[in-house]
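Here are the chains, one letter per residue:
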Amino acid sequence: MSNKKSESSSRRDFIKTAGLGVGVAAVASGVLSAGGAVAAPVLKNEKTVGYRETEHVKQYYESAKY
Amino acid sequence: MNSNLNTQTIVGEEEKLRAHFYLLMSRLLGAPVDGDLLSMIRNLKGDDTPIGLEVNALSALAQNISIEAATEEYEALFIGVTQGELIPFKSYYLTGFLNEKPLAELRAHMDELGIEKSDNVAEPDDHIAFLLEMMHGLIVGTFDKPSTISEQNRFFENHIACWAPKFFEDLEAAESAHLFASVGRIGKLFMEVEGEAFLMAA
């Protein structure tokens, strides 16, 4: 196999074992939603004037339940 | 309509872990805690890696702090009467002043990526919480389709790696920091993990 392939798989393994899985998604990902009502900075996509990213984030969290 | 599933890049599990972590750090640094966030932090469970252990320490600290105390801590650190103990902006860290060239460089990059700040946010775009939120967005494709690792790396190197590790060190050592000292240690470790992971992809 090419180096490229093994590099990207070692990167994946490294990330998986780096301790980032702390249960954020399982606990309450909605708390962190960028489209939430908190005063956290909210970015918008100028190409679509505003709320597309909210939908995206919602879809993402739907799909991220693991 | 461009929601054709076939054209969407699939975001791998490990990339989702990174993305969640960026969003968690962004939320912690972007506004004082509220009840939901505090109870989430109390329920975080790390493993026995350096980051995992520090997340457990954060969770333990959160179990013994009230929303009021956590809010006071946030305000002392980042808001203050005139200003907080720390000034969490890229431009400030790199030049000693707000709104200098490092901010202009960020804005040029944001233009290129089609990202702009919401109208209801007063802070300059180079606040640490914005930058971390943008990394989250690049990974999962909030702004467009998910960015490639090398695009993410370019953003990380140019706008985060050049100052955020120092900021997290300052946060860890800040006089007002108790809960946030732990956030600082986690941030520092996370930056190391990200830097190393990007090297593996290079």
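Owing to the predicted nature of the structure, the values given are computational and were not obtained by experimental measurement.

For chain B, the count of helices and strands is 10 helices and one strand. Reading chain B from its N terminus to its C terminus gives the helix and strand order α-α-α-α-α-α-β-α-α-α-α. Its C-alpha atoms give chain B principal-axis dimensions of roughly 45 × 40 × 35 Å. Considering chain B as a whole, with its 202 residues, one finds that 44% of them fall into the buried category. Taking contacts inside chain B between residues at least 6 apart in sequence as the whole, the part at least 24 apart equals 62%.

This brings us to the confidence of the model for chain B. All names here are of chain B. Here chain B shows a mean pLDDT of 91. Residues at 70 or above account for 96%. Throughout residues 1-7 the model reports pLDDT below 50, and contacts reaching past four residues in sequence, or to other chains, amount to zero contacts. For this predicted complex, the interface confidence reaches an ipTM of 0.84, while the overall pTM sits at 0.84.

A few words now on the confidence of the model for chain A. In low-pLDDT regions, the fine details of the predicted coordinates are not to be read closely. Residues and elements named next belong to chain A. For chain A, the mean per-residue pLDDT works out to 58, and 29% of the residues sit at or above 70. Counting contacts from residues 34-41, a segment whose pLDDT is below 50, to residues more than four positions away or on other chains yields 24 contacts. Considering only residues more than four positions removed or in separate chains, one finds that residues 45-61, a stretch of pLDDT under 50, has 25 contacts.

To continue, consider the environment of Asn153(B). Residue and element names in this part refer to chain B. Looking at the secondary structure, you find Asn-153 in helix H8 (residues 149-161). Residue classification places Asn-153 among the partly exposed residues on the basis of 19 C-beta atoms within 10 Å. Here the alpha-carbon distance between Asn-153 and Gln-83, two residues 70 residues apart in the chain, equals 32 Å. Asn-153 has contacts with Phe-198 and Ala-201, leaving out every residue within four places of it along the chain.

On to the nonpolar core, then. All names here are of chain B. Counting 59 residues, the largest nonpolar core has Tyr-22, Met-25 and Met-135 as its most contacted members. Broken down by element, this core gets its largest block of residues, 10 residues, from helix H7 (residues 128-140). For Met-135, the contacting residues outside a window of four places in its chain are Tyr-22, Gln-152, Phe-155 and Phe-156.

What counts, and at which threshold
Residues numbered from 1 in each chain as written. Chains lettered and ligands numbered in written order. Predicted model: local features only at pLDDT ≥ 70, side-chain atom pairs only at ≥ 80, totals over all residues. Helix = DSSP H or I, 4+ residues; strand = E, 2+ residues; numbered from the N terminus. Buried ≥ 20, exposed ≤ 12 C-beta atoms within 10 Å, placed from the backbone. Contact = placed C-beta atoms within 7 Å. pLDDT = per-residue confidence, 0-100. Core = buried A, V, L, I, M, F, W, Y, C linked by C-beta atoms within 7 Å.

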